[in-house]
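The chain contents come next:
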Amino acid sequence: MRINYFSPLLPSQSGISEVAEQVVPALSQYATVTVWTDQTEWSQALAQSAKIRQYDPNDVSWRELNDTDLNVYHIGNNVHFHHGIWQISNRVPGLVVVHDVKLQHLFYGITCVRGRDGEGYIREISRRYGHEAGITARRFLSGEVPIAAVEDFSMTEWALENAAAVMVHTRTAFQQIAQADRWPVGYQPLAFHTPPILRERPRQAPPYRLVIFGYIAYNRRVEAVLEALGKFAQRRKFQLDIYGKLDDPDSINGCIQQFNLKAQVKVHGFVDDAVLDRALSEAHLAINLRYPTMGEASISQLRIWRHALPALVTQVGWYAEQPEDIVCFVRPEHEVEDIQQHLAALIKQPEHFRAMGQRGRQRLESMHSPDAYAQAIVRFAAQLKPGYQNLTTQYWLEQVAGIMAPWQAGELSDRDLDRVTQTISWLSHPTNQPGNIDSITSTKKSPR
Amino acid sequence: MRVLALTTQVPFVRGGAELLAEGLVRSIEAAGHEAELVSIPFKWYPAERVLDQMLICRLFDLTEACGDKIDRVIGLKFPTYLIPHPNKVLWLVHQHRTAYDLWDSPYGDLIKMPNGPQVRQAITNADSQAFNECRSIYTIAGNVSKRLKQFNNVDSAPIYSPPFGAEDFYCEAAEDFFFFPSRLNIMKRQQLVIEALAQTKSPVKVVFAGKSDDDATRNGLKNLVRQLQLESRVTFLDAISETEKLSRYAKSIAVVYPPLDEDYGYVTLEAMLASKPVITCHDSGGSLEFVLNETTGLISEPTPESLAIAMDTLWDDRATAKQLGQSGYDRYMSMNISWANVVQKLLA
């Protein structure tokens, strides 16, 4: 079996590149894998287990991509990492792995930032979500409203127009995409390697070390964490370390000053993996809030669990799908209150939190293995092999709709439309339509 | 009976398939029926154009015209045989070969196009359904039947048809040239013949006759002739009249015809009618149904070296060439190849 794998790769600062680092070696046990990248450098470790090919989205050997068993495309929100992958996926069908269900940021980046086509962006939003949505998009472009105002126009279908099948990492995403009843869709928990823990967890006594890490944008809710900590009577029992690039350092530093937290909070900036791993191994609690969520499964959360570290998460999206005895939920509308309650509980029952972290690690080991992830891809490849008819059906439907629309389609007789429908049905040979990927899950109900 | 023959036409490209379609219509009329040719312009790139034309064909209604029933349609080429009709007979010239036998060959273009695999799949799906609709399935040659069985598991019988103006061919004393009449096309492998010429021991000459499918092919061949310094031994005639064609056949030593896996190949039959031997290759397809090695022609390996040996052999031994040509003529006459036979089977 031959598989082409399109993904951001290390050293790019994308969580998805870490997934590639772990999944590709596992996948190579089952298939001959070629990893395609438009980056100029990549992980040498990865090159040990797969052939790595550089591509230019505008000059690709389609033959190589066509003459394979499966093309796998990892699509997320970062235009820098995913624009090229999306371009290829539009020309050669394959398995699209959706990391963020809301892909507004990606398509804003493609159309407005890279394409400098604001009107095209508004047109696309209007076409897909209606006139009012188009007005909102225009207001966003003129700076009247923040990007949060358009994030719910997810644009996911745009990413999947040429998908032969879809793989997602969250149950919510599964239900959402399955509802469209357009693609075979499978749910597979995100993969993350779990090496043995080398360090013992620190003593459960103050000062308790809290940690936040990753790309710190507005949706990481750091301001709310600082407010909760600042207004918490026993705040001196905590030390908060923040690692990663800050999207808005002024806002964070302003909060630290406002709540007089200089002694409790240290902002480290971007650090390498070894430093971060040491910090995680020495921490008592991770704070991994997301609001709003883009529908992603959190690679950060898997990393937290790798260190058997308990965590606070927002009760939305994938985070809300986690069992209550493994994470501490923070309700979006009661952030400060909930964070303070959890901090109080940590002081009172540190062992309870320690056990929670251990259960998190067990969950990581049982559900998120790279091998299981690789096997899911292989199953997709086997089951998709018979066909891509659904894509040609869609093409024909769009062609006919496009031709008929200017002919005042509303006045076409039912008989005419029936004839076209039957013709497309005949050409599409529906008896051979690929179903959903049974061995993974079905679209009819949510996976358990 | 009112009969329509269904075919495609790449604008400004004309070859054996067009002659065959026209011959069919004439022969049906000669048998006392009404017949017309329905010819649809065909374009195969980008890959989505193929899907467009499949849909177009499937939407045609050829069951009647002006209130009068059309009794039968005869599908010749993809995608016209997708046109629905209750009395559809297939006389297959060839399928869309880049979706089948040529898919991953050096001549495959669909595999190099974005979205090629799903267009290929749409073609194979629709073909299978269309074949099920036909009341009987014939092909123009055993080679086409072989492919149909191999790729679609469909049984079919070949019906050979005579070349246009079969009764007009004649033979004269051989002059110093081999004749290669055919469109200049990569699949016909004029390039192989030129490369072979560079390796012949004798001063073999070849006359090519036929229009090029595109400028790039013509220019590429002419450049190759220049590079190999064969200008004095190669002649390109472009398109020629029927009279000149008959004359060139008649005066040649032999016909060189080494295409890659040809469907049928009127050239072989025309050579036999002109009592000329045919030099072809082991992978040339349709010609192998007629050429018997060292009896009606020579069959070489598809390499310049092997082809050069075959060309030297007949160039140097004109008596043998003449004898093989005569045997070819006799073989043709023994095969009962006639339009009457074609029409009788297709309208049965």
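Preceding block: the structure.
Residues numbered from 1 in each chain as written. Chains lettered and ligands numbered in written order. Predicted model: local features only at pLDDT ≥ 70, side-chain atom pairs only at ≥ 80, totals over all residues. Heavy atoms only, no water.

*Asks:* Kindly report on the overall build of chain B, identifying the contributing residues and their values.
*Replies:* Within chain B one finds 11 helices and 14 strands. Relative to a compact globule of 348 residues, whose C-alpha radius of gyration would be 20 Å, chain B shows 20 Å and is just as compact. When the backbone C-alpha atoms are referred to their principal axes, chain B occupies close to 65 × 45 × 35 Å. Counting contacts in chain B only where the partners sit at least 6 residues apart, residues at least 24 apart contribute 70% of the total. Counting only carbon and sulfur atoms, one obtains 51% of the accessible surface of chain B, whose full area is about 13,900 Å². Placing the 35 positive and 43 negative side-chain charges of chain B at their respective mean positions leaves the two points 1 Å apart. (Helix = DSSP H or I, 4+ residues; strand = E, 2+ residues; numbered from the N terminus. Rg over C-alpha atoms; globule rule 2.2 N^0.38 Å. Contact = heavy atoms within 4.5 Å. Areas by Shrake-Rupley, 256 points an atom, 1.4 Å probe, with all protein chains shown as cover. Lys, Arg positive; Asp, Glu negative; His and termini not counted. Charge placed at Lys NZ, Arg CZ, Asp CG, Glu CD.)

*Asks:* Which residues make up the overall build of chain A, and what values go with them?
*Replies:* When helices and strands are counted, chain A shows 19 helices and 13 strands. By the compact-globule yardstick of 22 Å for 448 residues, chain A fits well, its C-alpha radius of gyration being 24 Å. Along the first, second and third principal axes, the C-alpha set of chain A runs to 75 × 50 × 40 Å. For chain A, the residues scored as buried account for 56% of the 448 residues in total. Within chain A, residue pairs in contact and separated by at least 24 positions form 73% of the contacts whose partners lie at least 6 positions apart. For chain A, the exposed area adds up to about 19,600 Å²; of that, 48% sits on carbon and sulfur atoms. Taking the average place of the 45 positive charges on the side chains of chain A and the average place of its 48 negative ones, the gap between the two points comes to 6 Å. (Buried < 20%, exposed > 50% of the residue type's maximum accessible area, 1.4 Å probe, protein only.)

*Asks:* Can you tell me about helix α11 (residues 249–258) of chain A, naming the residues and giving the values?
*Replies:* Residue and element names in this part refer to chain A. By the burial criterion, the buried members of α11 are Ile252, Cys255 and Ile256. Summarising the axial view, the buried residues of α11 lie within an arc of 100 degrees, below the 170-degree limit, and thus occupy one face. More than 90 degrees from the buried face of α11, the exposed residues found are Asp250, Gln257 and Gln258. On its buried face, α11 is in contact with α10 (222–230), β9 (238–243) and β10 (265–269). Looking at the residues trailing α11, positive phi occurs at Asn260, about 55 degrees. (Arc of directions from axis to C-beta.)

*Asks:* Talk me through the sheet that holds strand β10 (residues 206–209) of chain B; I want residue IDs and the actual numbers.
*Replies:* Residue and element names in this part refer to chain B. Strand order in this open sheet of six strands is β11-β10-β9-β12-β13-β14, and the pairing throughout is parallel. The open sheet has two edge strands with one neighbour each: β11 (234–236) and β14 (297–300). Taking the axes of each pair of neighbouring strands and ignoring which way they run, one obtains an average angle of 25 degrees across the sheet. Bridge count for β10 against β11 is three bridges, and the pairing is parallel. Paired with Phe208 across the strands is Phe236, a residue of β11. (Pairing = 2+ DSSP bridges. Axes fitted to C-alpha atoms, helices over the stretch in contact; angles between N-to-C directions.)

*Asks:* Now, about the interface of chain A and chain B: what can you tell me, with residues and values included?
*Replies:* Facing the 27 residues of chain A at the interface are 29 residues of chain B. A buried area of about 2,400 Å², summed over both sides, lies between chain A and chain B, and 58% of it is on carbon and sulfur atoms. By the criterion of area lost to chain B, the three top residues of chain A are Arg63(A), Asn66(A) and Trp426(A), representing 30% of everything that side buries. Our enumeration of links across chain A and chain B arrives at zero salt bridges. Taken together, the connections running from chain A to chain B amount to 12 residue pairs in polar contact (both at pLDDT 80 or more). (Buried area = accessible area lost by both parts, 1.4 Å probe. Salt bridge = Lys/Arg side-chain N within 4 Å of Asp/Glu carboxyl O. Polar contact = N/O pair within 3.5 Å; in protein donor to acceptor, adjacent residues only side chain to side chain.)

*Asks:* I'd like a description of unusual backbone geometry, backed by residues and values.
*Replies:* Cis peptide bonds are those with omega within 30 degrees of zero, and the linkage from Leu10(A) to Pro11(A) qualifies with 15 degrees. Within the secondary structure layout, Pro11(A) lies in the loop between β1 (2–6) and α1 (15–27). Residue Pro79(B) is bonded to the preceding Phe78(B) through a cis peptide linkage, with omega at -5 degrees. Mapping Pro79(B) onto the fold places it in the loop between β5 (72–77) and β6 (88–94). For Arg116(A), which is not a glycine, the phi torsion comes out positive at approximately 50 degrees. Note that Arg116(A) resides in the loop between α5 (104–114) and α6 (118–129). Positioned with a positive phi, Ser275(B) is a non-glycine residue whose angle comes to about 60 degrees.

From the geometry alone we can't say anything about function, so treat these as descriptive.
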